[in-house]
Amino acid sequence: MSAPRAELLELLRAIKAEPEENTPKLALADWLQEQPDAADRARGEFLHRFVQNNLLATTDPARQDFGALASLWNRYEREWAGELKEAGFTVWATNHLFRWGLLFPVLDDPRAAITPARRVAGSEQYAWVAGIALRAVDPAFASLFTGSALLDSLIALRLPPEVARDALLERLADSPRATGLLDLDLGSRYPVEAAELEAVARSPHLVRLRRLSLARSPLDAPALAALANSVALRGLRALDLSACEMTGDAVRAFAAGTGLPALTELDLSNYGTAGIGDNGVIRLLANPHAGRLRKLNLGHNGISEQGATALCVQPHMRHLMRLDLSANLLRNRAAGDLANAPPLGSLEE
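Within each chain, residues carry numbers counting from 1 in the order of the written sequence. Given that the model is predicted, a residue must reach a pLDDT of at least 70 before its local features are reported, and side-chain atom pairs must reach 80 or more before they are shown or counted; all residues, however, enter totals for whole chains, interfaces and linings. Only hydrogens and water are set aside; all other atoms, that is, all heavy atoms of the structure, feed into the side-chain values.

Concerning the overall build of the chain
Strands here are runs of E lasting at least two residues and helices are runs of H or I lasting at least four, both read from the DSSP assignment and numbered beginning at the N terminus. In terms of regular secondary structure, the chain is built from 14 helices and 10 strands. As a reference, a globule follows 2.2 Å times the number of residues to the power 0.38, and the radius of gyration itself is taken over C-alpha atoms. For the chain, whose C-alpha radius of gyration is 22 Å, the value lies close to the compact-globule estimate of 20 Å for 349 residues. Summarising its shape, the C-alpha atoms of the chain cover approximately 65 × 50 × 30 Å along the three principal directions. Looking at the chain residue by residue over its 349 residues, the buried ones come to 53%. Accessibility throughout is a Shrake-Rupley quantity obtained with a 1.4 Å probe, and a residue counts as covered only by protein chains that appear here. As displayed, the chain has an accessible area near 15400 Å², and 50% of this comes from carbon and sulfur atoms. Between buried and exposed lies partly exposed: a residue is buried under 20% and exposed over 50% of the maximum accessible area for its type, with that area taken using a 1.4 Å probe on protein chains only.

Right, dumping it as structure tokens:
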């Protein structure tokens, strides 16, 4: 098993500290291309091309599809991820794997793989792992995983879809090893109990979270109240509550929250024609915290001209840059009103 190089670890930590920034990635790419090993130089080239590609618009003809980068991965897969694959991680050449230019592998059967997976936690190959997607959990795994060094260097975690999590959320919230997490995806069509979300909302170890996804998880009023009034999640910037089947009481509980002062991106889309409706929009926008939003997705929510008018007249919505009202009950006049509303002067899309 390869021992990690100190210089490499420092460069990877800089990327994980600010994963959306390109400068640390380019610094690492330059360092790798100065190394004598061919696999290092190829990885530096891969990272350079990854960053350059992501700087281009998706419609730019100069942008390459991922296949052009995958050829490098296929050539050096053993040197870059052989130990991870032997330890039970699924690592394949797709664009989804290379989030932020780092690795985001899947642990297909954590119950069987947790012991060998923990053996690679201190390796150089694992240092490249920014996040893990879990496929299945049970109580024994929850305890082993949240107490292991696998968590120490992670900045993202995606929980398994459509299966019970068996106390993993609460164990995660109680684990000092989770302090590096910036991105937590809990969307799984599995009801998040109030106690689980309360554990996340009050955790002293999840205070660095910047993005939280609860998409497709039915949420009740107590759970939403715990989230919306969280002190621990005051640094949260992006929140995905799409398709959460919230009741009117839950919408009111969230809209009345006093926490989440750093929130700039909110997704409340895909609630169907009943949706959160005009009343839900009005309640949401009445909260002064809504004035910090830069991106707001209210698509497919049964919103009519009344809800659109509420957007047009809120003086504290002046920072909103992106607004999605697709698949609602609006007419062309509402779009014109939105485009010309003085409080929405920063709107770009």
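Structure shown, so let's carry the discussion forward.
Some points on the packing of helix 9 (residues 194-202) against helix 10 (residues 221-228)
Packed helix pairs are characterised by how far apart their axes lie and by the angle those axes make with each other. Running from N to C, helix 9 and helix 10 point in directions that differ by 0 degrees, and their axes come no closer than 8 Å. Classed by the angle they form, the pair helix 9 and helix 10 counts as roughly parallel. Residue-level contacts link Ala194, Leu197, Glu198 and Ala201 of helix 9 to Pro222, Ala223, Ala226 and Leu227 of helix 10. Think of it as three bins: nonpolar holds Ala, Val, Leu, Ile, Met, Phe, Trp, Tyr, Cys and Pro, charged holds Asp, Glu, Lys and Arg, and polar takes everything else, Gly as well. A class-by-class count of the residues in the contact of helix 9 with helix 10 yields seven nonpolar, no polar and one charged. Axis definition: a line fit to C-alpha positions, over the contact stretch in the case of helices; interaxial angles, taken between N-to-C directions, run 0 to 180 degrees. Oblique is the label for every angle not falling under 35 degrees (roughly parallel), over 145 degrees (roughly antiparallel), or within 65 to 115 degrees (roughly perpendicular). Here a residue-residue contact requires only that any non-hydrogen atoms of the pair lie within 4.5 Å.

Side note on the pattern of salt bridges
In what follows, salt bridge is the name for a side-chain nitrogen of Lys or Arg lying within 4 Å of a carboxyl oxygen of Asp or Glu. Across all of its chains, the model carries 14 salt bridges by this definition. We note a salt bridge from Arg99 to Asp183, for which the minimum N-O separation is 2.5 Å. Placement of the pair is Arg99 in the loop between strand 1 (89-90) and strand 2 (106-107) and Asp183 in strand 5 (residues 183-185), with a sequence separation of 84 residues. One network of salt bridges, with partners in common, ties together Arg5, Asp40 and Glu124.

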